[in-house]
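Topology and contacts: notes
Listed here are the chains, written in short residue letters.
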Amino acid sequence: MDIKLKNPFMASVKQMLKQMASIEATGNGDFYDEKEDVVSYGVSSIISFSGRIKGRLLLDMHREVALHIAENIISTRYETVKDPMVLAAISELNNIISGDAITKLNNEYSLGLRLAPPIVFTGKDTVICIPKIASESFDFTTPHGNFKLNIAFEGGV
Amino acid sequence: MLSDNYTDLLKYFSIAIEEVVHTMAGFEISASKDPSFFLRDDSPRISGLMLLPSSKNAILSITVSLESASILVSYMTGIPVDELKEEDLYDGVIELVNMIAGRAKSLLIDTTHSFGLTAPFAIYGRDYELVLKKNVSNLSKKYVSGDLEIGFGIFFM
Amino acid sequence: MIKRILIVDDSPIIHNLLRKTLENNGYEVCGDAKNGKEGVELFNTLSPDLVFMDITMPIMDGLEAAKNIKQTSPNARIIMLSAMGDDEIMAQAKEIGIDIFLKKPFDDYKIVSALSKII
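Residues numbered from 1 in each chain as written. Chains lettered and ligands numbered in written order. Predicted model: local features only at pLDDT ≥ 70, side-chain atom pairs only at ≥ 80, totals over all residues. Heavy atoms only, no water.

1. Here's the deal with the packing of aromatic side chains
Residues and elements named next belong to chain A.
- With the rule as written, the count across this model stands at ten aromatic pairs over all chains.
- Measuring from ring centre to ring centre gives 5.6 Å for Phe9 and Phe49, while their planes differ by 15°; the resulting arrangement is stacked. Here Phe9 is found in helix α1 (residues 3-21), whereas its partner Phe49 is found in strand β3 (residues 42-50), with 40 residues between them in sequence. The burial state of Phe9 is the same as that of Phe49; both residues are buried. (Phe/Tyr/Trp six-rings, centres within 6.5 Å; stacked < 30°, edge-to-face > 60°. Helix = DSSP H or I, 4+ residues; strand = E, 2+ residues; numbered from the N terminus. Buried < 20%, exposed > 50% of the residue type's maximum accessible area, 1.4 Å probe, protein only.)

2. What to know about the interface of chain B and chain A
- In this assembly, 29 residues from chain B lie in contact with 32 residues from chain A.
- In this assembly, chain B packs against chain A so that about 2,500 Å² is buried in total across both faces, 60% of it on carbon and sulfur atoms.
- Our count for the contact surface shared by chain B and chain A stands at four residue pairs in polar contact (both at pLDDT 80 or more).
- Those elements giving two or more residues to the side of chain B that touches chain A turn out to be α3 (86-107) and β4 (121-132) of chain B.
- When residues in the side of chain B that touches chain A are grouped by element, the largest group, twelve residues, is from β4 of chain B.
- In terms of residue class, the side of chain B that touches chain A is built from 17 nonpolar, four polar and eight charged. (Contact = heavy atoms within 4.5 Å. Buried area = accessible area lost by both parts, 1.4 Å probe. Polar contact = N/O pair within 3.5 Å; in protein donor to acceptor, adjacent residues only side chain to side chain. Nonpolar A, V, L, I, M, F, W, Y, C, P; charged D, E, K, R; others polar.)

3. Things to note about the sheet that holds strand β2 (residues 28-33) of chain C
Residues and elements named next belong to chain C.
- Judged by pairing direction, the sheet is parallel, and its five strands sit side by side in the order β2-β1-β3-β4-β5 without closing on themselves. Of all the strands in the sheet, the pair left with one neighbour each is β2 and β5 (100-103). Mean inter-strand twist for the sheet, computed between neighbouring axes without regard to direction, equals 20°.
- As defined by bridge partners, strand β1 (residues 4-8) adjoins β2 across five bridges and the pair is classed as parallel. Bridge pairing links Leu6 to Gly31 in β2.
- Sheet contacts for helix α3 (residues 62-72): β3 (50-53) and β4 (78-82); angle to β4, the most-contacted strand, approximately 175°. (Pairing = 2+ DSSP bridges. Axes fitted to C-alpha atoms, helices over the stretch in contact; angles between N-to-C directions.)

4. Re helix α3 (residues 84-109) of chain A
Residues and elements named next belong to chain A.
- In a regular helix each residue adds 1.5 Å, so 26 residues correspond to 38 Å; α3 covers 36 Å between its end C-alpha atoms and thus fits that length.
- Of all the 26 residues making up α3, 21 are buried; the element is thus mostly covered by neighbouring parts of the structure.
- Its side-chain oxygen placed 2.9 Å from the backbone nitrogen of Met85, Asp83 serves as the N-cap of α3. (Expected span 1.5 Å × (residues − 1).)

5. Section: the interface of chain C and chain A
- Taken residue by residue, the interface counts 19 residues in chain C and 23 residues in chain A.
- For the pair chain C and chain A, the two sides together bury roughly 1,600 Å², of which 62% comes from carbon and sulfur.
- Considering only the side of chain C, the residues that lose the most area to chain A are Ile13, Met84 and Pro105 of chain C, jointly responsible for 33% of the buried surface there.
- At the junction of chain C and chain A, the tally comes to four salt bridges.
- We note a salt bridge from Asp100 of chain A to Lys103 of chain C, for which the minimum N-O separation is 3.0 Å.
- Run the count over chain C and chain A and you get eight residue pairs in polar contact (both at pLDDT 80 or more). (Salt bridge = Lys/Arg side-chain N within 4 Å of Asp/Glu carboxyl O.)

Read these as geometric descriptors, not functional statements.
Below, the structure written as structure tokens:
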């Protein structure tokens, strides 16, 4: 996958986690090819975008990370990730991360990418299966648990 | 309350799901009058999802229990139920959603409704909850045929 | 006189955050809309001093809603608040007559600063 497409997402994850939720995310290694099945850490959000090319960003994180994100954004402690406000916070985070990254891509490469509303899900031992499109992942660690970015594109710049 | 415009669109998706399941797996399914949805319990299930980008973005979703997935995929592929692997089930459900979206798109070709197709994906687990960004018009139906139950949803954003 | 503000965004988080900032700085949130269509309706009934408008929303997006509002109320004050901020979208917003375009995420300073420029 073209590095020009994936790097803005990595940068946006780090920046927006810090800026919105005051969470330091430390990158581990480099992007790697993802297998078809991603075993979720517990809370996931997928956002799709389309324009001259199509793509999808998956953010996946431990429950504690999601709870801290929500707490830091909303200044309220939640007990469960199933609280609608926690899931709304993750949804908005994904929206902002994606929006920031694709703004850079649009300005640089005139891709005309537009976001669709994100979906968020949480569950026990959830597996996300993403065949038909090659994707790459990048792992972060945070003080509260793990955070994964998985990006997929159909087409290139 | 969905407008007539949406109702018309949804009719074609309903035709698509019935046709695809019949063609691929040989089942005549019909919409259940029972509004209760098995998704409320804790049993493992698989959801196949596809974003349909258009002026009104939509998400298409098909959800089945593990048992229903096994039945469907066994009939689709000819592989006996006890020889099916988990990946076969994800792949099968993903294929179904892919075909339903494709069929609906072709049924709608002479109408004012048009949408794109994107790479489908699946979520597998127990007790997961999907949360969409907010306030979407949607149709959720349960289709049945004997022991087979298929949850169908289309969420307009 | 306290300035009245309408918030149009499909995210409950944004409503929550904006409301806190606005009320802490002496503004009144007179209405909350979850999509562009509701936003236009509430604008017409409430006549707020200013609208905060998201772009990506169901039913009717923010650009269309803003266009609607500007057609009937050319002097309406609108601050666009969006995760998207590429040149094309900003050009569209400018053409509609959006007063200020703010990219999410925002902090109190950005919001108050933008407000003080137009109301």
